[in-house]
Amino acid sequence: MTPPPSRHTLTTGLAALAACGLALFGVLGPTGPVDDAVSVIVQGRDQAAVSAAVDAVGGTVTHELGIIDAVAGELTEAQIERVEQMDGVRRVVANHGVEVAGKPVKDTDTAANAVYDSVFPSLIEADRVHAENNHGWDATIAVLDTGLWSHDGLIEDYAGSARIDAVYNARTDEWGKVRTLKDDNGHGSHVTSVAASSLLTDEGLYNGVAPGAGVFVIEAFDDQGHGTYADVIRGIDMAVQNTGWIRVLNLSIGAPVQTHYWDDPINQAVMKAWQAGIVVVTSAGNTGPDPHTVQVPGNVPYVITVGAMTDNHTPADLSDDRLASFSAAGPTYEGFVKPEILAPGGHVLGLMASYSELPQTYPEFYDGGQYFTMSGTSQ
């Protein structure tokens, strides 16, 4: 495996920022003329010091990222060079792109198979836990994703009680309300549905794994499922600030590995969440099946990284279950075995609004009402 770039690769001026991915990720586009500002993350002694440094050179602070002693901002090449030399600044890195880790299925499976595709809780024996009257009612899941559809199966728990504990938009740094919930992409609704839908299948089983859990909605991705490091880190920061009632942080997201896991800004925020007592669950990534393909933040050794298996369209026959072809595999560059566990991730049915981008783009995987079939380590 090719080793990740050194810290120096990530910290030397605008040319290095371009080399490590500003154009590659397609979020910020080409760097342009040297006097054009680009989006970067500035880390240092503390947030106050790096914010003052950005202000001092005439740059614009866009995100306060206290969880990793940083800010995100817009800086020109000349401003970056000046900031790098200032007291209290440790490094300047690109504000890379991040994507959600789910997609429509590749085969001919469609969402018309609603009953068939709703068996995933039984595949992991969650139905046996439900039968013992354990519905996850004492846990809140923070889902950092594209938002949430205000469907009763998502905003109400198995007892019909309101379950949305908070709504935060990490892209705009604004708090929201249940009545303003939306999901222009659909991925966040699908992931939340898999985790916590309170609807019942035709067999009388719950469609979600934890139908009694609370949900903290953190929107960090746009209608195309694209986000930035700064938005994701700000969302994680908000989760950590509310650790009193958050039990689990779900990160069904992925970005290419750029450096050692401990040097990556998202991973640094993830490790802070772990240190705060939050159970962090993240997707391995859809870049498999070759070794060394687990993405950020799945390469962090302190989190639960989940790969995807498929039942091969025979849920009653476990003998032909296999690793999904897209599921990323370890080990990580540092030698950690990843993912730790596999879960159903092929042709999974979940709730999604008809107005969302995914059913609009892929109507063949939508039942026309409320269910969309999607595959991925997200699921």
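How each quantity is defined
Residues numbered from 1 in each chain as written. Predicted model: local features only at pLDDT ≥ 70, side-chain atom pairs only at ≥ 80, totals over all residues. Heavy atoms only, no water. Pairing = 2+ DSSP bridges. Helix = DSSP H or I, 4+ residues; strand = E, 2+ residues; numbered from the N terminus. Contact = heavy atoms within 4.5 Å. Axes fitted to C-alpha atoms, helices over the stretch in contact; angles between N-to-C directions. pLDDT = per-residue confidence, 0-100. Core = buried A, V, L, I, M, F, W, Y, C linked by side-chain atoms within 4.5 Å. Buried < 20%, exposed > 50% of the residue type's maximum accessible area, 1.4 Å probe, protein only. Salt bridge = Lys/Arg side-chain N within 4 Å of Asp/Glu carboxyl O. Parallel < 35°, antiparallel > 145°, perpendicular 65-115°, else oblique. Nonpolar A, V, L, I, M, F, W, Y, C, P; charged D, E, K, R; others polar. Arc of directions from axis to C-beta. Phe/Tyr/Trp six-rings, centres within 6.5 Å; stacked < 30°, edge-to-face > 60°. Lys, Arg positive; Asp, Glu negative; His and termini not counted.

**Student:** A description of the sheet that holds strand 5 (residues 97-100) should follow, citing residues and the corresponding values.
**Tutor:** The antiparallel open sheet is built from three strands, whose spatial order is 11-5-13. Edge strands, defined here as strands with exactly one partner in the open sheet, are strand 11 (226-228) and strand 13 (253-254). Packed onto the sheet, helix 10 (residues 229-240) meets strand 5, strand 11 and strand 13 and runs at close to 75° relative to strand 11.

**Student:** Give me the confidence of the model for the protein: which residues, what numbers.
**Tutor:** Taken as a whole, the protein shows an average pLDDT of 86; of its residues, 85% reach a score of 70 or greater. For the stretch residues 107-117, pLDDT sits under 50, and the model shows 28 contacts to residues farther than four places along the chain or on other chains.

**Student:** Residues and numbers for the nonpolar core, please.
**Tutor:** Ranked by size, the top nonpolar core spans 42 residues in total, and within it Ile41, Leu144, Ile233, Ile236 and Leu249 carry the most contacts. Secondary structure elements with two or more residues in this core: strand 3 (70-75), strand 5, strand 7 (140-145), strand 8 (164-169), strand 10 (214-219), helix 10, strand 12 (248-251) and helix 11 (265-275). Sorting elements by how many residues they give to this core places helix 10 first, with eight residues. With sequence-adjacent residues up to four places away left out, Ile236 is seen in contact with Ile67, Leu144, Leu249, Leu251, Ile266, Ala269, Val270 and Ala273. Residues Leu148, Trp149, Val167 and Ala210 belong to the second largest nonpolar core, which totals 18 residues.

**Student:** Provide a residue-level description of the pattern of salt bridges, including the pertinent values.
**Tutor:** Counted by the stated rule, this structure contains eight salt bridges. Close ionic contact of Arg171 with Glu219 constitutes a salt bridge, the shortest N to O distance being 3.5 Å. Of this pair, Arg171 sits in the loop between strand 8 and strand 9 (174-176) while Glu219 sits in strand 10; the two residues are 48 residues apart in sequence, bridging distant segments of the chain. Glu219 sits in the buried class, given a relative accessible area of 10%. Taken together, the shared-partner salt bridges connect Arg171, Lys182, Asp184 and Glu219 into one network.

**Student:** An account of the packing of helix 10 against helix 11 is requested, with residue identities and associated values reported.
**Tutor:** At their nearest, the axes of helix 10 and helix 11 sit 9 Å apart, and the two run at 10° to each other. The angle between helix 10 and helix 11 places the two elements in the roughly parallel class. For the pair formed by helix 10 and helix 11, the contact residues are Tyr229, Val232, Ile233, Ile236 and Val240 on the first element and Pro265, Ile266, Ala269, Val270, Lys272 and Ala273 on the second. Looking at side-chain class alone, the contact of helix 10 with helix 11 contains 10 nonpolar, no polar and one charged residues.

**Student:** Explain helix 4 (residues 77-84) residue by residue, including any values.
**Tutor:** Gln79, Ile80 and Val83 are the residues of helix 4 that are buried. Considered in projection along helix 4, the buried side chains sweep an arc of 100° and stay on one side of the axis.

**Student:** Please give an account of the sheet that holds strand 1 (residues 38-44) that cites residues and values.
**Tutor:** Within the open sheet, the four strands sit side by side as 2-3-1-4. Their pairing is antiparallel. Edge positions in the open sheet fall to strand 2 (60-65) and strand 4 (89-94), since each of these has one partner strand only. Averaged over all pairs of adjacent strands, the angle between strand axes in this sheet comes to 25°, irrespective of strand direction. Set on the sheet, helix 10 makes contact with strand 1, strand 2 and strand 3; between it and strand 2 the angle comes to about 40°.

**Student:** For the packing of aromatic side chains, give the residues involved together with the corresponding values.
**Tutor:** In total, this model carries nine aromatic pairs according to the counting rule given. With a centroid separation of 5.2 Å and 45° between ring planes, the pair formed by Phe216 and Trp245 is classed as tilted. Separated by 29 residues along the polypeptide, Phe216 in strand 10 and Trp245 in the loop between helix 10 and strand 12 bring together distant segments of the chain. Classification of Trp245 by relative accessible area gives partly exposed; the value is 33%. Measuring from ring centre to ring centre gives 4.5 Å for Trp274 and Tyr302, while their planes differ by 25°; the resulting arrangement is stacked. Placement of the pair is Trp274 in helix 11 and Tyr302 in the loop between strand 14 (279-283) and strand 15 (304-310), with a sequence separation of 28 residues. Following the ring pairs from residue to residue traces out a cluster consisting of Tyr168, Trp175, Phe216 and Trp245.

**Student:** I'd like a description of helix 9 (residues 187-196), backed by residues and values.
**Tutor:** Across the 10 residues of helix 9, nine count as buried, placing the element largely inside the fold. When helix 9 is considered as a whole, its buried residues turn out to be His187, Gly188, Ser189, His190, Val191, Thr192, Ser193, Val194 and Ala196.

**Student:** Now, about the side chain of Asp157: what can you tell me, with residues and values included?
**Tutor:** The topology assignment puts Asp157 in the loop between helix 8 (152-155) and strand 8. Despite its burial, Asp157 pairs with no opposite charge; the closest candidate is Arg163, at 6.1 Å N-O. Those residues in contact with Asp157 that sit more than four places away from it in its chain are Arg163, Ser198, Pro211 and Gly212.

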